[in-house]
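Analysis of the macromolecular model
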Amino acid sequence: MGKVIVFGSLNMDVIVQSDRRPAAGETILGATVSLLPGGKGSNQAIAAARLGAKTEMLGVVGDDAFGGELRAVLKRSGVNNSGVRIQRGMSTGVALIQVAGGDNAITGASGANGAFKAAEVRRAPRRGEVWVGQFETPVAATEALLRKARATGATTILNLAPMVPHPPRLLKFVDIAVLNEIELAQATGARITARSPERTIAAACRKLGARIVIATLGGRGLVMAGPDWVLSLPAFKAKVVDTTGAGDCFVGALAARLSAGVSLSDAARYATAAASCSVERLGAAPAMPTPREVAARLSRA
Ligand code: RIB
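Residues numbered from 1 in each chain as written. Predicted model: local features only at pLDDT ≥ 70, side-chain atom pairs only at ≥ 80, totals over all residues. Heavy atoms only, no water.

1. Some details on helix 7 (residues 264-278)
The following threshold applies: For helices the rule is a DSSP run of H or I covering at least 4 residues; for strands it is a run of E covering at least 2, with both sets numbered from the N terminus onward. Each residue after the first adds 1.5 Å to the expected span of a helix. We call a residue buried when its accessible area falls under 20% of the maximum for its residue type, exposed when it is over 50%, and partly exposed in between, using a 1.4 Å probe and counting protein chains only. We call two residues in contact whenever any of their non-hydrogen atoms come within 4.5 Å of each other.
Over its 15 residues, helix 7 runs 21 Å from end to end, which matches the ideal 21 Å to within 8%, given 1.5 Å per residue. Among all positions of helix 7, only Leu 264, Ala 267, Ala 268, Tyr 270, Ala 271, Thr 272, Ala 273, Ala 274, Ala 275, Ser 276, Cys 277 and Ser 278 are buried. Buried residues along helix 7 sit against strand 10 (176-180), strand 11 (212-216), strand 12 (221-226), strand 13 (229-234), helix 6 (246-259) and helix 8 (291-300).

2. Quick word on the site of the ligand
Put simply, the rule is: Proximity criterion: a residue is near a molecule or strand once any of its heavy atoms comes within 4 Å of it. Between N or O atoms, a polar contact is any pair within 3.5 Å; within protein, one atom must be a potential hydrogen donor and the other a potential acceptor, and residues adjacent in sequence are included only when both atoms are from side chains. The Shrake-Rupley method, run with a 1.4 Å probe sphere, supplies the accessible areas, and residue values consider only the shown protein chains as cover. All residues other than Ala, Val, Leu, Ile, Met, Phe, Trp, Tyr, Cys, Pro, Asp, Glu, Lys and Arg, Gly among them, are scored as polar; the first ten of these are nonpolar and the last four charged.
Close to the ligand lie 13 residues; Asp 13, Gly 39, Lys 40, Glu 136 and Asp 248 are nearest. Take Asn 11: an N or O atom from its side chain is 3.0 Å from an oxygen atom of the ligand. Taking Glu 136, its side chain carries an N or O atom lying 2.6 Å from an oxygen atom of the ligand. For the ligand, whose unbound accessible area comes to 280 Å², protein coverage reaches 96%. Counting only elements with at least two residues in the shell around the ligand, the list comes to strand 2 (11-17), helix 1 (40-50) and strand 6 (93-100). Residue composition of the shell around the ligand, by class: four nonpolar, five polar and four charged.

3. Thoughts on the pairing of strand 6
To keep things clear, this is the line we draw: Two strands qualify as a pair provided DSSP detects at least 2 bridges between them.
Pairing analysis gives seven bridges linking strand 2 to strand 6, with the strands arranged parallel. Looking at strand 6, one finds that Asp 13 is bridged to Ala 95. Bridge count between strand 6 and strand 7 (residues 103-109): seven bridges; the pairing is antiparallel. Each bridged residue has a counterpart across the sheet, and for Val 94 the counterpart in strand 7 is Ala 109. Counting the residues in the hairpin turn of strand 6 and strand 7 gives two residues, including Gly 101, whose phi is positive at 60°.

4. Here's the deal with the sheet that holds strand 9 (residues 155-159)
Heads up, the condition is: Angles shown run from 0 to 180 degrees and are taken between the N-to-C directions of axes, each axis being a line fitted to C-alpha atoms and, for helices, limited to the stretch in contact.
Strand order in this open sheet of nine strands is 5-4-1-8-9-10-11-12-13, and the pairing throughout is mixed. Among the strands making up the open sheet, the edge pair consists of strand 5 (79-87) and strand 13. In this sheet, adjacent strand axes meet at a mean angle of 15° when their direction is disregarded. Direction of pairing for strand 10 relative to strand 11: parallel, over a ladder of five bridges. Bridging from a neighbouring strand, Val 178 pairs with Ile 214 of strand 11. Those strands touched by helix 1 are strand 1 (3-7), strand 4 (54-62), strand 5, strand 8 (130-133) and strand 9, and its axis lies near 155° from that of strand 4.

5. A look at the state of the cysteines
To be explicit about the condition: Two cysteine sulfur atoms form a disulfide, by the criterion used here, when they sit within 2.5 Å.
Under the defined criterion, the tally for this structure stands at zero disulfides. No disulfide involves Cys 249; its sulfur sits 7.4 Å from the nearest other cysteine sulfur, which is in Cys 277.

6. Brief notes about the packing of helix 7 against helix 8
Note the following rule: Any angle that falls under 35 degrees is termed roughly parallel, while one over 145 is termed roughly antiparallel, one within 65 to 115 roughly perpendicular, and all others oblique.
Contact pair helix 7 / helix 8: the axes reach a minimum separation of 9 Å and the direction vectors enclose 105°. Overall, the two elements helix 7 and helix 8 adopt an arrangement that is roughly perpendicular. Here Arg 269, Tyr 270, Ala 273, Ala 274, Ser 276 and Cys 277 of helix 7 come into contact with helix 8, specifically with Pro 291, Glu 293, Val 294, Arg 297 and Leu 298. Each residue belonging to the contact of helix 7 with helix 8 can be placed in one class, and the counts come to seven nonpolar, one polar and three charged.

7. Some remarks on the layout of surface pockets
Definition in use: Buriedness of a pocket was judged along seven lines, with at least five required to meet protein on both sides within 12 Å; pockets are open sets of points on a 1 Å grid over the protein atoms alone, cavities are sets where a 1.4 Å probe fits but cannot get out, and lining residues have an atom within 4 Å of a point. Grid points are joined across faces, edges and corners, and a volume is the space filled by probe spheres set on the points.
There is about 150 Å³ of room inside the second largest pocket. In terms of lining, the second largest pocket is formed by 13 residues, of which the most central are Leu 58, Gly 83, Glu 120, Val 121 and Arg 122. Those elements that provide at least two residues to the lining of the second largest pocket are strand 4 and strand 5. Counting residues per element, the lining of the second largest pocket draws most heavily on strand 5, at four residues.

8. Here's the deal with the pairing of strand 10
With four of five residues buried, strand 10 lies mostly within the body of the structure. Where strand 9 and strand 10 come together, three bridges link them in parallel fashion. Residue pairing for strand 10: Leu 158 is matched across the bridge by Ala 177.

9. Regarding helix 6
In a regular helix each residue adds 1.5 Å, so 14 residues correspond to 20 Å; helix 6 covers 20 Å between its end C-alpha atoms and thus fits that length. Burial runs high along helix 6: twelve of the 14 residues are buried. Buried within helix 6 we find Ala 246, Asp 248, Cys 249, Phe 250, Val 251, Gly 252, Ala 253, Leu 254, Ala 255, Ala 256, Leu 258 and Ser 259. Positive backbone phi, approximately 90°, marks Gly 261, located one or two places after helix 6.

Have a look at this one:
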């Protein structure tokens, strides 16, 4: 079995749950607040580890209480955190997440995530590993690590979330790109929604420039496209509490299954089932499912 190496963000999530989100200038009462571990990178690492993959995390936290807590959460979740550096004088990343009606809106304050540099990563990629990045840490570092990992024969996965300006050449170092319909529209200029026909979404996927592109489409499932093939998979039924981190769960689960040598289509189906489990609990990292939960979901299909 190979290893999963996730490089990217760690955040403390401030989750505010209310019946609805306030309009600009409006105050509403009756909300509840939770402080829970998050950050797309850390969520993906925790998902992969919880699903049985040997996992390492590379990233940066500040020298504050949140940073210590996030490193400890990784360790408790079975993720090797020795590649998570503590940056003196900086705050740990924080995300304000407003949850209403099961849906969420996220505002991030990058903090120490912005200090992540490829040159400070001592861990070298090895053939057979799965390296996973996102766009919550500097793009230059993401590009450099993807390039190095790919050159060594590792499998590279990039979750283009949130969409940020990036050089198109970066996609050449990506084996599998994962993004939702909003990010796919932003990246390619294609006019698509989660309901667009399969061929329209596949065309947008091919425009992106990675070898394989997976468009995650929420309750519809996914469309996955390679140079001359396309595959759609339906979502699993779920009792939605909070969709925060569902995409991260998908990416972490996909990486875990690929590192175990499973085929791409089987890994994607497994990851779809895992993501459907994650939306049934509040928060991102704490909602990542166990292998038993995913197996139960798959057997119900
Ligand atoms: O994808 C969900 C994550 O995005 C949250 O945990 C939050 O920290 C933001 O990074």
